[in-house]
Structures are given as structure tokens and as C-alpha cells.
Amino acid sequence: MSRADVRRQAEQLAALGKALFFDPSLSPSGKLACATCHDPAHGFGPANARAVQLGGGDMRQAGTRAVPSLKYLQAVPPFTEHFHDSEDEADESIDNGPTGGLTWDGRVDRGADQARIPLLSDFEMGNRSEAELARRLLAAGHGKAIAAIAGPKAAANPATVYKTAIKALEVYQQDYRTFYPYSSKYDAVLAGKAEFAPAEARGLDLFNAPDKGNCASCHISKRGNDGTPPQFTDYGLIALGVPRNREIPASQDPAYFDLGLCGPLRADFLKRDDYCGLFRTPTLRNIALRQTFFHNGAAHSLRDAVRFYVERETRPERWYPRKADGSIDKYDDLPARAKPNVCMDPPFDRKAGDAPALTDAEIDDVVAFLGTLTDGYQAAK
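A quick note: this is a predicted structure, and the numbers were derived from the prediction, not measured. (Residues numbered from 1 in each chain as written. Predicted model: local features only at pLDDT ≥ 70, side-chain atom pairs only at ≥ 80, totals over all residues. Heavy atoms only, no water.)

With that settled, the discussion passes to the state of the cysteines. Simply put, disulfide is the name for a covalent bond between the sulfur atoms of two cysteines. Applying the stated criterion to the full structure yields one disulfide. With a sulfur-sulfur separation of 2.0 Å, Cys-262 is cross-linked through a disulfide to Cys-276. Here the disulfide of Cys-262 and Cys-276 is right-handed, its torsion about the S-S bond being about 110°. Taken together, the residues span a long stretch of sequence, with Cys-262 in the loop between strand E3 (237-238) and strand E4 (279-280) and Cys-276 in the loop between E3 and E4 at a distance of 14 residues. Looking at Cys-276, the relative accessible area reads 0%, which means it is buried. Its sulfur unpaired, Cys-37 is 8.9 Å from the next cysteine sulfur, which belongs to Cys-34. A residue is classified by how much of its surface remains accessible, and Cys-37, at 13% relative accessible area, is buried. Of all cysteine sulfurs in the structure, the one in Cys-343 sits closest to Cys-218, which takes part in no disulfide; the separation is 6.2 Å. (Disulfide = S-S within 2.5 Å. Helix = DSSP H or I, 4+ residues; strand = E, 2+ residues; numbered from the N terminus. Buried < 20%, exposed > 50% of the residue type's maximum accessible area, 1.4 Å probe, protein only.)

Quick look at the structure:
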């Protein structure tokens, strides 16, 4: 294919992918599109405060994890158990452990594989097979666009219809203008086109300070070595010990635990107790547009999410229930074998009764800074 042909096909795939992304007729219920849970107005995350979303054929089946944003995934590395920084960033002998992958548990690396998950999930879009999805694609009128990409006989082959659609969704989500525009106030400040308000500037300092928020240790806030703006994630997988969220129907069963890297949705590390409770660190870009936070949606405000980091150890009674004997059931969303995996780095390095690393006013400043990471900033004229 010539360069012109390649460019034309990429444009056709992107256009088809966009059409599919917003089409609810691809689900058996006829009510659930990709955009239903990944709303562009909310950073391609959920538009509501539900811990998990409802789907399936009857739109009553609850998921088990909070819906993540689809923005700023373009630089996420493939999953690896042993991530080593490049030579020009750090000592390459340092193993940073499990890193990467596009989902909360890092189980897929490609956008096409990521798109497949909700399309064929019983509690999401609910298609029972690739062939069923292919039939819905044609019934919805996408056959002509698919034929223009994959050839005039494509509609006769369900596998080709399916693969073309999945590829189209992947290509659409690579559109930088939509999914990684770097158009926040933070980016304007980096470009010298805006200045932080005093609270925002204080918040960034607190965000970076190792003895305060220490947020930047995982949510990296410095430019890449090639000068690219920060992604506000190191892509690592970490156990935060967030409280159990009993808003999730599955979590009402005391025997159920979502352990991230060691299952149940990921099946290749089921016996790795040292991986239990680890979930991938998401980008903080557009975080202020969310109404649920952490993999299980345990917090419903950005301020509470920041408070959790500085109060998990200092004021655990605010976050965890008590056992029958009156003691606090810390890390109650993890079985005993996984609790040793919980991160104890600052600001988690304090004990009950200590002053939190951030005061209430400082938490407000950090939240103000996080608000500068929302795309679509326009300077006042």
C-alpha cells in the first residue's frame, strides 16, 4: 500500500471506530455504548458516581471495578513483571516490579484487546460471541464502512467484520486530539502561557514533596527525557489497601476479593500471593472530572481520595470497620495473605495518632493543583 492508501485506511478506521464507540445498538440491550461508561465530557470515564456500572442484556448486571478513563493511554508500556528504568533515567539494575498493561490488572497490552473486553463481557455490553457482535455490527449499518476497509466480501465473513471493528476502535482511541491533547492548565503553564494560582502552586509543591504528599513518587510530574509532558503515572502496579466497597454487589459476599494482578479477572498469576492486591497506577490527568476513585470506587470525592492517602495509617478508624473485638479491620478488602503487600512508603509511613502528612488546608491545595490537569483549559481574555 502507498502512504496515501495507508493514511486513507487509517482515516476510515478512525471514522468507523468513532461511530462504533457511540453506538448503543452494538449491545443486546440496545442501551449501552462504549461512550455510556466512557463519557467524553468526563475524561472518557463515567458520568455518574456509581462505584461500578450496570450492563448486560437487561442493564442490571453490575461490574466489579470502577470504570477507568481511556485518556492518556498512548504511552502505557506492555505489561512486564520486571520493569527496569532506561539507563538515562536511573540505575538499570533496579527492578521496579510489575508494570504496564492497559487495564487495572495490566492483563492486555493492545487497544484492540482492551476493546474486546467490554464488548464480550456478560456484565458490560453483553455479546455472547464474536459472531453475535458481527451480526449486530451489520444490522446497525456498519457493513459499508467495514467493506471499504476490509474489502467487498468482508460482510460475508463474521471474523473479518469483528476484527475490523476492533481495529477501528483501537485506531479511534489513538487520535491525539481527542485522547491525549495535553490541553490542561498545567500544560499551558509548562508552555509559559499561564500561571498557577497560589493554591495550585502550593498544591504542586506538596504533591512533589517526599515528606508531604509524595504523590509524584508514583504519579510522575516531571517531563520525560524526550521533553514530553508528564503522564502523572509510573504505570506500576501497587497495593494501596483501599477500604472494601460494599456498594459493589460482588463485595457483599465476604468470601469474594478482587485481588487485581493475582485474579480473579486475570488468570496467569492466581498462585502469586505476592501479587495479590496490586492494581495499576492510573494517570491523574482529568482526575477532577471523576466522581469515583480507586479500582473499587471506594471514594466519591477527589478530596476524600487525597485524604485517604494521608489518613490511612494515622486515622484508620475513619476508613475501616471494626471487628467483633473492637479492633480496626485495616485493609479489609484484602485477605490475610495479601495484606503484607500493602504499600508503606510515605505518606503511609506513619502510625495511628500521628499527624497526617497533609493538613486540611494542604489537602485543599493539592486538590486545587489536581484541578489544573483537566483538559480544555482556556486562559481568561
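Still more to cover.
Now for the nonpolar core. Ranked by internal contacts, the top residues of the largest apolar core, which has 46 residues, are Phe-207, Phe-294, Phe-369 and Leu-370. Among the secondary structure elements, those contributing two or more residues to this core are helix H9 (198-208), E3, helix H10 (302-311) and helix H11 (360-370). Per-element accounting of this core gives the leading share, five residues, to H10. Those residues in contact with Leu-370 that sit more than four places away from it in its chain are Phe-207, Leu-284, Ile-287, Ala-288, Leu-302 and Val-306. (Core = buried A, V, L, I, M, F, W, Y, C linked by side-chain atoms within 4.5 Å. Contact = heavy atoms within 4.5 Å.)

Within this structure, the stated rule accounts for 22 aromatic pairs. Ring plane angle 55° and centroid distance 6.5 Å describe the contact between Tyr-176 and Tyr-180, whose orientation is recorded as tilted. Ring geometry for Phe-232 and Phe-369: centres 6.2 Å apart, planes at 50°, overall tilted. One end of the pair, Phe-232, is in the loop between H9 and E3; the other, Phe-369, is in helix H11, with 137 residues separating them in the sequence. Of the two residues examined, Phe-232 and Phe-369, each falls in the buried class. Ring pairs connect the aromatic residues Phe-21, Phe-22, Phe-44, Tyr-172 and Phe-179, which therefore count as one cluster. Sitting above the plane of the Tyr-72 ring, Arg-285 keeps its charged end 4.9 Å from the centroid. Residue placement shows Arg-312 over the ring face of Phe-348; its charged tip is 3.8 Å from the ring centre. (Phe/Tyr/Trp six-rings, centres within 6.5 Å; stacked < 30°, edge-to-face > 60°. Lys NZ or Arg CZ within 6 Å of the ring centre and 35° of its normal.)

Turning next to helix H3 (residues 111-119). Along H3, the positions that sit buried rather than exposed are Gly-111, Ala-112, Gln-114, Ala-115 and Leu-119. Take H3 and look down its axis: the buried residues cluster within an arc of 160°, on one side only. Close packing links the buried residues of H3 with helix H4 (130-139) and helix H6 (158-172). (Arc of directions from axis to C-beta.)

Attention now moves to the environment of Asn-214. On the secondary structure map, Asn-214 appears in the loop between H9 and E3. Asn-214 sits in the buried class, given a relative accessible area of 12%. Counting along the chain gives 45 residues from Asn-214 to Leu-169, while the straight-line C-alpha distance between them is 36 Å. In contact with Asn-214, other than residues within four places in its own chain, are Leu-206, Phe-207, Ala-209, Pro-346 and Pro-347.

One pass over the full model with this rule turns up 30 salt bridges. For the salt bridge of Arg-272 with Glu-81, the shortest nitrogen-to-oxygen distance reads 3.3 Å. Here the residue Arg-272 occupies a position in the loop between E3 and E4, and Glu-81 occupies one in the loop between strand E2 (61-62) and H3, the gap between them amounting to 191 residues. For Arg-272, a relative accessible area of 31% puts it in the partly exposed group. Glu-81 gets classed as partly exposed once you look at its relative accessible area, which sits at 24%. Taking the shortest distance from any N to any O, the salt bridge between Arg-318 and Glu-311 comes out at 3.0 Å. (Salt bridge = Lys/Arg side-chain N within 4 Å of Asp/Glu carboxyl O.)

Glancing now at unusual backbone geometry. Cis peptide bonds are those with omega within 30 degrees of zero, and the linkage from Gly-263 to Pro-264 qualifies with 10°. When you line up the elements, Pro-264 lands in the loop between E3 and E4. Along the chain, Pro-346 connects to Pro-347 via a cis peptide bond; the corresponding omega equals 10°. Within the secondary structure, Pro-347 is located in the loop between H10 and H11. Of note, the phi angle at Phe-232 is positive, near 60°, even though the residue is not glycine. For Phe-232, a relative accessible area of 0% corresponds to the buried category. Positive phi, normally seen in glycine, also occurs at Tyr-235, with a value near 70°.

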